[in-house]
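Secondary and tertiary structure notes
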Amino acid sequence: MPFKPLNDHILIQFLAPEEQSVGGLYLPPKAQSSDRAVVKAVCPLTKIEVGDGIRANWSVVNVGEEVLIAGRQHCTEVMVDGESCHVIPEEHILGVFEK
């Protein structure tokens, strides 16, 4: 089932957390967390209020990009094509990882 986010929201899928630290230590499950995600779908158009009017703006992220999320407290979980994904406001993206 395709999913199209609305109103400046983005559909993401969190990446699997790292089981081993950079130094080679294995992390216990409670210490494993990942705020990295892959963008699965974006709202096609975002409206931004500027002064007296509203102007349209395209999303700053693209499908397939790896992003850093500000936290999971504002995520809404949704199942899309049998996969666990999350819907978040675009403003909760802190940055995009360059390849």
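The shown structure was predicted, so the numbers you read here are calculated from the model rather than taken from an experiment.

Regarding the pattern of salt bridges
Scanning the entire structure with this criterion turns up one salt bridge. Measuring nitrogen to oxygen at the nearest pair gives 2.8 Å for the salt bridge that ties Glu-66 to Arg-36. Of this pair, Glu-66 sits in strand S5 (residues 66–69) while Arg-36 sits in strand S2 (residues 36–42); the two residues are 30 residues apart in sequence, bridging distant segments of the chain. Residue Arg-36 is classed as partly exposed on the basis of its relative accessible area of 35%.

Regarding the nonpolar core
In terms of nonpolar packing, the biggest core is built from eleven residues, these being Ile-10, Ile-12, Phe-14, Ala-37, Val-39, Val-61, Val-67, Ile-69, Cys-75, Ile-88 and Ile-93. At the level of secondary structure, the elements contributing two or more residues to this core comprise strand S1 (9–14), S2 and S5. The residues contacting Ile-93, other than those within four sequence positions of it, are Ile-10, Val-61, Val-67, Leu-68, Ile-69 and Ile-88. Among the nonpolar cores identified, the runner-up in size contains five residues, and Leu-11, Ala-41, Val-80 and Cys-85 belong to it.

Observations concerning the environment of Glu-90
Within the secondary structure layout, Glu-90 lies in the loop between strand S7 (83–89) and strand S8 (93–97). Under the relative-accessibility criterion, Glu-90 is labelled buried at 14%.

Remarks on the confidence of the model for the protein
Averaged over all residues, the pLDDT of the protein is 81; the fraction at 70 or higher stands at 78%. No element of the protein has a lower mean pLDDT than strand S4 (residues 53–57), at 61, and none a higher one than S5, at 92.

So, a nonpolar patch on the surface
On the surface, a cluster of nonpolar side chains totalling about 260 Å² of accessible area is made up of Leu-68, Leu-94 and Phe-97. Along the polypeptide, Leu-68 turns up in strand S5.

Considerations on the packing of aromatic side chains
Summed over the entire model, instances satisfying the criterion amount to zero aromatic pairs. Between the NZ or CZ atom of Arg-36 and the centre of the ring of Phe-97, over which it lies, the distance is 3.6 Å.

Notes on the sheet that holds S7
Ordered in space as S6-S7-S1-S2-S5-S8, the six strands form an open sheet in which the pairing is antiparallel. The sheet terminates laterally at strand S6 (76–80) and S8, the two strands that pair on one side only. For this sheet, the mean angle separating the axes of adjacent strands, direction not counted, is 45°. Where S1 meets S7, four bridges bridge the pair, whose relative direction is antiparallel. Bridge assignment links His-9 to a residue of S7, and that residue is Pro-89.

Digging into the pairing of S7
For a regular strand, side chains alternate in direction, first toward one face of the sheet and then toward the other. Summarising burial for S7: five of the seven residues are buried, a large majority. Relative to S7, S6 runs antiparallel, the two sharing five bridges. The residue bridging Met-79 from the neighbouring strand is Ser-84, located in S7. Hairpin connection from S6 to S7: two residues lie between these consecutive antiparallel strands, with Asp-81 at a positive phi of about 55°.

Procedures and definitions
- Residues numbered from 1 in each chain as written.
- Predicted model: local features only at pLDDT ≥ 70, side-chain atom pairs only at ≥ 80, totals over all residues.
- Heavy atoms only, no water.
- Salt bridge = Lys/Arg side-chain N within 4 Å of Asp/Glu carboxyl O.
- Helix = DSSP H or I, 4+ residues; strand = E, 2+ residues; numbered from the N terminus.
- Buried < 20%, exposed > 50% of the residue type's maximum accessible area, 1.4 Å probe, protein only.
- Core = buried A, V, L, I, M, F, W, Y, C linked by side-chain atoms within 4.5 Å.
- Contact = heavy atoms within 4.5 Å.
- pLDDT = per-residue confidence, 0-100.
- Patch = residues over 30% accessible without salt bridge, like charges linked within 9 Å, V, L, I, M, F, W, Y side chains within 5 Å.
- Areas by Shrake-Rupley, 256 points an atom, 1.4 Å probe, with all protein chains shown as cover.
- Phe/Tyr/Trp six-rings, centres within 6.5 Å; stacked < 30°, edge-to-face > 60°.
- Lys NZ or Arg CZ within 6 Å of the ring centre and 35° of its normal.
- Pairing = 2+ DSSP bridges.
- Axes fitted to C-alpha atoms, helices over the stretch in contact; angles between N-to-C directions.

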